[in-house]
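Structural overview for review
Single-letter residue listing:
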Amino acid sequence: MDNETIKYDCFRGCVVREDEQTGEANCTYRAGCCKLSSRNYLKGSDDGSCPDIYEVRFKNTRKAFFRNESGQNIKIGDMVIVEATTGHDLGIVTLEGAIVLRQLKCRGIDPENTEFKKIYRKARQNDIDKWQMAIAREQETMIKARRIAAELGLEMKIGDVEFQGDGTKAIFYYIADGRVDFRQLIKVFAEEFRIRIEMKQIGARQEAGLIGGLGVCGRELCCANYITSFQSISTGAARCQDLSLNPQKLAGQCGKLKCCLNYEVANYLDAQSRIPKVTEPLEFEDGQAFLRKTDILREIMYFSYDRSSDAQLFPLDAAEVREIIKMNRNGIRPESLKTEPEPHIPEFITAVGDDSITRFDTPKRKKNRGKSDRNRGNKSERGKSESAARPERPERQDRPERGDRQDRGDRGERPERQDRGDRPNRQREGRGKPKDPKV
């Protein structure tokens, strides 16, 4: 509608439509904006195992499980009022049914022995309006909190502020390398903002997950997409994958080593266990072969007779290299590295063109190509026949030299030109027709 203002709240995964005339805000669920979202692959196959337990999402990556004791019919996308430590909070229902039981098992939660917080009811219009007023205070509160922390000389950074749904409490997410004594800070915050204060420390990777963004691979950050438990990452993960130890390439948006460095470490370690360590050159009858590079995943090692050149490399399988090392230890030298058979390397097959929308279309035939080729052939044959039938031109007779030519003075004088008036008129004699005047 023309009198609506639409706002996309990507921090909470909703779309807010505010009516300019009445001032009422209507919030709808938007699944594409949610961080750490879980795909409901069991949708439509509810077995009744978790009939009253729902996953409720709040700001950024904060979400929890609640039990529905309101007696109302709640579904995905509903705005609900839930129980909080002090007061109540407002969130969006994102999961229901059989998938909730799977998520509880992944987190190690026993639904029978765990006491869940309650869902009081569905949110009313005044609850949503109060929630939007609290959200509007978050940015200004974060800026003031950073200024106060800097004035107190605390070595910490306020990363984000999240207000509770009723506006009586706020969570301050901060980052610090060491332990921070923020007792004085909480007193100043309480006097300045007149709300309950909760301080929650997070790491640099968790901050990147809260903010979100795209990585160098072009996809959404893993810490904002699905990673919930962060493992320690060292430069040893980059060394075993034979990566360049460039901090600018190995660091992510959080300033730490990328989480994806650990994804393929197990595969590289398994492949390296089958690759022999070459500490000295291989001995052949025609000279020594030096190791220049190694393809770890293919288990292929490249050798060269020149210690400092990669101009001519000979690939060898890791198993063959191990056999040659054993032969050298026994004093046996193979004939030559050039006579070794090349190892079979599996080729990479791409499927980029398989999804083309024109792959089922019949190719268009060029209609005039055959005719033009035919005409071109007829012309060439006709030209050949004409050149064969054409008689040879007689040789030109030698011209007389300049001395043999007559001088210009010996030539007869030219007759005088007749005047135009003496010429006969062609039109009068009927030899030609007058031309039409130009328009």
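Here the structure is shown first, and the text comes after it.
Residues numbered from 1 in each chain as written. Predicted model: local features only at pLDDT ≥ 70, side-chain atom pairs only at ≥ 80, totals over all residues. Heavy atoms only, no water.

1. Regarding helix H10 (residues 318–329)
Look at H10: 17 Å from first C-alpha to last across 12 residues, which is about the 16 Å you get at 1.5 Å a residue. Where H10 is buried, its residues contact strand S12 (282–284), strand S14 (300–304) and strand S15 (314–317). Its side-chain oxygen at 3.2 Å from the backbone nitrogen of Ala-319, Asp-317 defines the N-terminal cap of H10. Downstream of H10 by one or two residues, Gly-331 has phi in the positive range, about 85°. (Helix = DSSP H or I, 4+ residues; strand = E, 2+ residues; numbered from the N terminus. Expected span 1.5 Å × (residues − 1). Contact = heavy atoms within 4.5 Å. Polar contact = N/O pair within 3.5 Å; in protein donor to acceptor, adjacent residues only side chain to side chain.)

2. So, the sheet that holds S14
Read from one edge of the open sheet, four strands run S12-S13-S14-S15, paired in antiparallel fashion. Lying at the two open borders of the sheet, with one neighbouring strand each, are S12 and S15. Strand-to-strand twist of the sheet, defined as the mean angle between neighbouring strand axes without regard to direction, takes the value 40°. Where S14 and S15 come together, four bridges link them in antiparallel fashion. When the sheet's bridge partners are listed, Met-301 is paired in S15 with Leu-316. (Pairing = 2+ DSSP bridges. Axes fitted to C-alpha atoms, helices over the stretch in contact; angles between N-to-C directions.)

3. Some remarks on the packing of aromatic side chains
On inspection of all chains with the given rule, the structure shows six aromatic pairs. A ring pair is formed by Tyr-174 and Phe-182, whose centres lie 5.5 Å apart and whose planes are at 70°; its orientation type is edge-to-face. Note on Phe-182: relative accessible area 19%, which makes it buried. For the pair Tyr-305 and Phe-314, a centre-to-centre distance of 5.9 Å together with 75° between the ring planes defines the contact as edge-to-face. According to the relative accessible area criterion, Tyr-305 is partly exposed, its value standing at 24%. Taken together, the aromatic side chains of Phe-172, Phe-189 and Phe-193 make up a single cluster linked through ring pairs. Across from the ring centre of Phe-11, 5.4 Å away, lies the NZ or CZ of Lys-59, which sits over that ring. (Phe/Tyr/Trp six-rings, centres within 6.5 Å; stacked < 30°, edge-to-face > 60°. Buried < 20%, exposed > 50% of the residue type's maximum accessible area, 1.4 Å probe, protein only. Lys NZ or Arg CZ within 6 Å of the ring centre and 35° of its normal.)

4. Here we look at empty space enclosed by the protein
Under the counting rule described, the total for this entry stands at two cavities of 30 Å³ or more. Computed from the structure, the largest cavity encloses a volume of approximately 60 Å³. If you go around the largest cavity, the residues you meet are Arg-12, Arg-57, Phe-58, Lys-59, Arg-62, Asp-89, Leu-90, Gly-91, Ile-92, Trp-131, Glu-162 and Phe-163. Breaking the lining of the largest cavity down by element, the ones donating at least two residues are strand S7 (88–95) and strand S9 (157–163). In terms of residues, the lining of the largest cavity owes the most to one element, S7, which gives four residues. (1 Å grid on protein atoms, 1.4 Å probe; cavity = no way out; pocket = protein on both sides within 12 Å on 5 of 7 lines; lining within 4 Å. Points joined across faces, edges and corners; volume = space filled by probe spheres on them.)

5. Digging into the pairing of S9
Summarising burial for S9: six of the seven residues are buried, a large majority. Sheet analysis places S9 next to strand S10 (residues 169–175), joined by six bridges and oriented antiparallel. Bridge pairing links Ile-158 to Tyr-174 in S10. Between S9 and S10, which pair antiparallel one after the other, the connecting turn spans five residues, and Gly-167 there sits at a positive phi close to 75°.

6. With respect to the environment of Glu-140
With respect to the helices and strands, Glu-140 occurs in helix H3 (residues 138–151). Remark: the alpha-carbon pair of Glu-140 and Val-161, spanning 21 residues in sequence, is separated by 9.6 Å.

7. A few points about the layout of surface pockets
Of the voids in this model, the largest pocket is the one considered here, and its volume is about 590 Å³. Contributing to the lining of the largest pocket are 27 residues, with Asp-9, Phe-11, Arg-12, Ile-135 and Glu-138 lying nearest its centre. If you list the elements that add at least two residues to the lining of the largest pocket, you get strand S1 (4–9), strand S2 (14–19), helix H2 (125–136), H3, S9 and helix H5 (204–211). With five residues, the single largest contributor to the lining of the largest pocket is H2. Considered as a void within the structure, the second largest pocket measures approximately 460 Å³ in volume. Gly-215, Leu-221, Cys-222, Lys-258 and Cys-260 are the residues nearest the centre of the second largest pocket, which is lined by 23 residues in total. Per-element tally for the lining of the second largest pocket: the top contributor is helix H6 (residues 222–225), with three residues. Of the residues belonging to the lining of the second largest pocket, the class tally is 15 nonpolar, four polar and four charged. (Nonpolar A, V, L, I, M, F, W, Y, C, P; charged D, E, K, R; others polar.)

8. A word on the pairing of strand S6 (residues 79–83)
Put simply, side chains in a regular strand alternate between the two faces of the sheet. Buried residues dominate S6, accounting for four of its five residues. Sheet analysis places S6 next to S7, joined by five bridges and oriented antiparallel. Across the sheet, residue Val-80 finds its bridge partner in S7, namely Gly-91. In sequence, S6 turns back onto S7 through a hairpin of four residues, with Gly-87 there showing a positive phi of about 80°. Across three bridges, S6 lies against strand S8 (residues 117–122) in antiparallel orientation. Paired with Ile-81 across the two strands is Arg-121, which belongs to S8.

9. Some thoughts on the side chain of Lys-169
Among the structural elements, Lys-169 can be located in strand S10. Of note is the side chain of Lys-169, whose polar atom sits 2.9 Å from the side chain of Glu-198. The residues contacting Lys-169, other than those within four sequence positions of it, are Thr-85, Thr-86, Glu-162, Phe-163, Gln-164, Ile-195, Arg-196 and Glu-198.

10. Description of the pattern of salt bridges
Applying the stated criterion to the full structure yields 21 salt bridges. One salt bridge connects Asp-78 with Lys-75, and the closest N-O pair in it is separated by 3.5 Å. Judged by relative accessible area, Lys-75 falls into the partly exposed class, the value being 47%. Here Asp-78 makes a salt bridge to Lys-122, at a shortest N to O gap of 3.8 Å. In this pair, Asp-78 sits in the loop between strand S5 (63–68) and S6 while Lys-122 sits in strand S8, placing the two residues 44 residues apart along the sequence. Owing to a relative accessible area of 31%, Lys-122 belongs among the partly exposed residues under this scheme. A single network of salt bridges, built from pairs that share partners, joins Arg-12, Lys-59, Glu-138 and Asp-160. (Salt bridge = Lys/Arg side-chain N within 4 Å of Asp/Glu carboxyl O.)

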